[in-house]
Amino acid sequence: MKQLSSNEQKAIEVLEKDHLRNVNLINFIKGYPVRTIDIIGDSVMVRGKSYEDWVYISSNDINEFTSLVEGLTREDNHFAIIESWMVPYLLNTRDVVWNLSCTKFYLPSYVELPEIKNNIRPLSPGEGTYIYDNYSYRQYVCPDYIEDRIKNGIALGIYDGNKLVAWIMTHDDGCMGFINVLPEYRRMGYGIDLACALANKIRERGDLVFIHVEDSNMKSLLLARKMGFVEYKEVHWLKTEIKYRQW
């Protein structure tokens, strides 16, 4: 984990007032380079870099939020973990290139997870391209990002001999993701075993277990509910571009 600056520590102190809401941003600050931090009251805007230059905004106050977004520039076009009420304000001067909308779920500490039945081991560096090629959401990421998560996150897999057939990892904000089982290996309990193994690893670190699931992803929704995850709220990742205006 990186050494935090005084501004980063101050931002985390503000964000910890509502850990569940802000866990994504807290984890991102702790793990990735941060360029700028703006704080107004209990609202925080952070610009930082993982595989894109992301803008995170945490706010529960419309006046603080609008004051923060007045500082956005033409280069601020990738937004992470944006709450639904914020989206219209951001799109007032921007067009959507893509919007990934998900429901955030968290796993309460009292939930007991089932016993893991399959052999699971850490993923190895160099498997990022293979995972990328078999990832349903690859339009939102890149192979280098997956390699980064293998090296710096928690990344687990199930193998048939030397063949990687199922995997799961943490994202740059600490959430569980990337879960995939190759079609010919499904209905063998690999998905729930991987999810439980990763949840156990996250809990061992003393961190909150949480995921983001698209409403159309019924398999992941069923898995989350089967494990005991609790629905929190809808969040969005946006890639935008400044609207062109005729003067």
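Residues numbered from 1 in each chain as written. Predicted model: local features only at pLDDT ≥ 70, side-chain atom pairs only at ≥ 80, totals over all residues. Heavy atoms only, no water.

A. Looking closely at the packing of aromatic side chains. What the rule picks out here adds up to 13 aromatic pairs. When the ring of Y51 is compared with that of Y145, the centres are 4.2 Å apart and the planes differ by 45°; the resulting orientation is tilted. One end of the pair, Y51, is in the loop between β2 (43-49) and β3 (53-58); the other, Y145, is in helix α6 (residues 143-152), with 94 residues separating them in the sequence. Its relative accessible area of 19% is what places Y51 among the buried residues. For Y145, a relative accessible area of 3% puts it in the buried group. Between W85 and Y89 the ring centres are 6.4 Å apart and the planes differ by 80°, which places this aromatic pair in the edge-to-face class. Judged by relative accessible area, which is 42%, Y89 ranks as partly exposed. The ring of F210 carries the charged tip of K104 above its face, separated from the ring centre by 5.4 Å. The residue whose ring lies beneath R121 is Y159, and the NZ or CZ to ring-centre distance is 3.7 Å. (Phe/Tyr/Trp six-rings, centres within 6.5 Å; stacked < 30°, edge-to-face > 60°. Helix = DSSP H or I, 4+ residues; strand = E, 2+ residues; numbered from the N terminus. Buried < 20%, exposed > 50% of the residue type's maximum accessible area, 1.4 Å probe, protein only. Lys NZ or Arg CZ within 6 Å of the ring centre and 35° of its normal.)

B. Seen up close, the pairing of strand β7 (residues 155-160). Burial analysis of β7 places 5 of its 6 residues in the buried class, the great majority of the element. Note: strand β6 (residues 121-122) against β7, 2 bridges, orientation antiparallel. Its bridge partner being in β7, P122 is matched across the sheet by L156. In this structure, β7 lies alongside strand β8 (residues 163-170), joined through 6 bridges in antiparallel fashion. Paired with G157 across the two strands is W167, which belongs to β8. Where β7 folds back onto β8 in an antiparallel hairpin, the turn is made up of 2 residues, including G161, whose phi is positive at roughly 70°. (Pairing = 2+ DSSP bridges.)

C. Inspection of the environment of L164 at higher detail. By the element assignment, L164 lies in strand β8. In this structure L164 comes out as buried when scored by relative accessible area, which is 4%. For the pair L164 and V46, spaced 118 residues apart in sequence, the C-alpha separation works out to 36 Å. For L164, the residues in contact, after removing those within four places along its chain, are L123, E127, Y130, I131, G157, I158, Y159 and L182. (Contact = heavy atoms within 4.5 Å.)

D. Quick peek at the layout of surface pockets. Here the largest pocket defines a volume of roughly 1300 Å³. What lines the largest pocket is a set of 49 residues, and nearest its centre among them are I179, N180, N217, K219 and S220. Those elements that provide at least two residues to the lining of the largest pocket are β3, β5 (94-107), β9 (176-181), α7 (190-204), β10 (209-213) and α8 (218-227). Ranked by residue count, the leading element in the lining of the largest pocket is α8, at 8 residues. In terms of residue class, the lining of the largest pocket is made up of 32 nonpolar, 10 polar and 7 charged. (1 Å grid on protein atoms, 1.4 Å probe; cavity = no way out; pocket = protein on both sides within 12 Å on 5 of 7 lines; lining within 4 Å. Points joined across faces, edges and corners; volume = space filled by probe spheres on them. Nonpolar A, V, L, I, M, F, W, Y, C, P; charged D, E, K, R; others polar.)

E. Representation of the packing of helix α1 (residues 6-15) against helix α2 (residues 19-31). Their axes nearest at 9 Å, the elements α1 and α2 cross at an angle of 165°. One finds that α1 runs roughly antiparallel with respect to α2. Along this stretch, α1 crosses α2, giving a crossing that reads as left-handed. For the pair α1 and α2, contact is made by E8, A11, I12 and L15 and by H19, N22, L25, I26, I29 and K30, respectively. In terms of residue class, the contact of α1 with α2 is made up of 6 nonpolar, 2 polar and 2 charged. (Axes fitted to C-alpha atoms, helices over the stretch in contact; angles between N-to-C directions. Parallel < 35°, antiparallel > 145°, perpendicular 65-115°, else oblique. Left-handed = near helix turned anticlockwise from the far one by under 90°.)

So far we have only geometry, and geometry alone does not tell us how the molecule works.
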